[in-house]
Protein chains: 2
Amino acid sequence: MGFMVSTKGRYALRVMLDLAEGGGEEYVPLKDISDRQEIPHKYMEAIMSRLTKEGLVDAAHGKGGGYRLSRPAETYTVGEILTATEGDMVPVACLEGGFDCPRADVCKTLPVWRRLDKMIGDYLDSVRLVDLMDDAERDPRSLGRILAEPSQRPSS
Amino acid sequence: MGFMVSTKGRYALRVMLDLAEGGGEEYVPLKDISDRQEIPHKYMEAIMSRLTKEGLVDAAHGKGGGYRLSRPAETYTVGEILTATEGDMVPVACLEGGFDCPRADVCKTLPVWRRLDKMIGDYLDSVRLVDLMDDAERDPRSLGRILAEPSQRPSS
DNA sequence: TATTTACCTACTATATTGGTAGGTATATTT
DNA sequence: AAATATACCTACCAATATAGTAGGTAAATA
């Protein structure tokens, strides 16, 4: 079995959350974040490169430099962060962009994968970065509450 | 990115569906199935071995032998078939059995993965093998209908 | 006995994951 | 101007998984 989300995406999410919780306008050196999050600094650099190129964070060189969120924390979704680092996330090769299966029109299993893909995408897009923050506990939309009542869908 | 479901699971699902649509008590030679499904026969053997060991199909050697479903077609779910062939399917390494992350109690992203995992599992367990069959089109619970109205959850 | 089938073991090529190592460019401070 | 702190870039690597292939053995039937 393969994992849909690798360390790239998971680390990215933790770093973004770390930046959001810092909450300031100041740049935070990656060293600080990777120390706090116990993630290898050098490995993290590659991931930050993606986040910077995708415009999710701003970077600043030199002393006093580092990274910070490029937008208000409330505007980020988990789906967006994962897509930026993992690329388009699909649960099966059948759905990958650029691959068109010759059996697509006769394949009876394809609807399962499409539906699964949509469910996953909808869910990840529905969770906001701020829903994972500590002070989200008192927010009725927070994950803690959502997880406590599994019969409710998160967003719609 | 990695795929959650590899060819093992996807092929297995197609073979099980093929067997279900055959509908008989007779054993079907794997050669016939792999020809119809355009799956390499030799590769498929390994997958059938898993399905047999897990008790999802019966196998018979020799002439007139082959494979058949071991239970009524209505009793199979997609989740069961995928789990038999792929092993426990989790979207991230964090959730893998036997791995206990030392950061589990402080990790704020873990609830996302848990919730995601539950959604995926619930969905796959809710789709029955017979929901993918041709004659399920006239069944109001069929996937065709479900996919046409994306606001409705499949089973509950 | 011949044939048909499942079953078993070993091998392989390719890609991905999860890093490490070492250096360069840029900005700030002294 | 020099030292320092940071991001950024390129190359490499070991382990693992994927998607098979190849070649044989065992069992059941005709």
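Refer to the structure printed above.
Residues numbered from 1 in each chain as written. Chains lettered and ligands numbered in written order. Predicted model: local features only at pLDDT ≥ 70, side-chain atom pairs only at ≥ 80, totals over all residues. Heavy atoms only, no water.

> Mind showing me how you'd approach the protein's contact with DNA strand D here?
Near DNA strand D there are 25 residues, and of these Leu30, Glu45 and Tyr67 of chain A together with Thr7 and Lys42 of chain B occur at the shortest range. Considering the 4 Å shell around the protein, atoms of DNA strand D inside it are sugar or phosphate in 71% of instances. Looking at the surface near DNA strand D, the elements with two or more residues in it are helix 3 (41–53), strand 1 (57–60) and strand 2 (66–69) of chain A together with helix 1 (7–22) and helix 3 (41–53) of chain B. The leading source of residues in the surface near DNA strand D is helix 3 of chain A, at three residues. Of the residues in the surface near DNA strand D, the class split is ten nonpolar, ten polar and five charged. (Near = heavy atom within 4 Å. Helix = DSSP H or I, 4+ residues; strand = E, 2+ residues; numbered from the N terminus. Nonpolar A, V, L, I, M, F, W, Y, C, P; charged D, E, K, R; others polar.)

> Even after reading the chapter, I still don't get the protein's contact with DNA strand C, so can you show me in this structure?
Every one of the 24 residues lining DNA strand C counts as a neighbour, but Thr7 and Lys42 of chain A together with Leu30, Glu45 and Tyr67 of chain B are closest to it. At the protein interface, 71% of the atoms of DNA strand C within 4 Å belong to sugar or phosphate. Tyr11 of chain A has a polar side-chain atom sitting 2.9 Å from a phosphate oxygen of DNA strand C. Between DNA strand C and Gly62 of chain B there is a distance of 3.4 Å, counted from a base oxygen to a backbone nitrogen or oxygen. Counting only elements with at least two residues in the surface near DNA strand C, the list comes to helix 1 (7–22) and helix 3 of chain A together with helix 3, strand 1 (57–60) and strand 2 (66–69) of chain B. (Polar contact = N/O pair within 3.5 Å; in protein donor to acceptor, adjacent residues only side chain to side chain.)

> Even after reading the chapter, I still don't get the packing of aromatic side chains, so can you show me in this structure?
When we look at a pair of aromatic rings, we describe it by the centre distance and by the angle of the planes. Residue and element names in this part refer to chain A. This model, assessed by the stated rule, comprises two aromatic pairs over all chains. A centroid spacing of 6.0 Å and a plane angle of 80° characterise the contact between Tyr11 and Tyr43, whose relative ring orientation is edge-to-face. Placement of Tyr11 in helix 1 and of Tyr43 in helix 3 is noted, with a sequence separation of 32 residues between them. Of note, Arg71 hangs over the ring of Tyr76, and the distance from its end group to the ring centre comes to 4.2 Å. (Phe/Tyr/Trp six-rings, centres within 6.5 Å; stacked < 30°, edge-to-face > 60°. Lys NZ or Arg CZ within 6 Å of the ring centre and 35° of its normal.)

> What should I look at first to understand the nonpolar core in this one?
The nonpolar side chains of a soluble globular protein tend to be buried with one another. Among the nonpolar cores identified, the biggest contains 93 residues, and Met16, Trp113 and Leu124 of chain A together with Met16, Trp113 and Leu124 of chain B are the most heavily contacted of them. Non-local contacts of Met16 of chain B, meaning those with residues more than four positions away in its chain, are made with Leu51, Leu56, Val57, Leu69, Tyr76, Ile81 and Leu129 of chain B. (Core = buried A, V, L, I, M, F, W, Y, C linked by side-chain atoms within 4.5 Å. Buried < 20%, exposed > 50% of the residue type's maximum accessible area, 1.4 Å probe, protein only. Contact = heavy atoms within 4.5 Å.)

> In this structure, what is going on with the environment of Tyr11 of chain B? I would like to understand it.
Residues and elements named next belong to chain B. Since its relative accessible area comes to 16%, Tyr11 is described here as buried. Here the alpha-carbon distance between Tyr11 and Thr109, two residues 98 residues apart in the chain, equals 33 Å. Discounting residues that sit within four places of it in the chain, Tyr11 has contacts with Ile39, Tyr43, Met44 and Ile47.

> How should I be thinking about the relation of the copies chain B and chain A in this particular structure?
Turning one copy of the chain about an axis and sliding it along that axis gives the other copy, so a rotation and a shift relate them. The two copies are related by a screw operation: chain B maps onto chain A through 180° of rotation and 0.0 Å of translation along the axis, at an RMSD of 0.1 Å. Overall, the copies show the geometry of a two-fold rotation axis. Both copies share a contact surface, since 100% of the interface residues of chain B are interface residues in chain A too. (Least-squares fit on C-alpha atoms with pLDDT ≥ 70 in both.)

Functional significance is not addressed by these values, which are geometric in nature.
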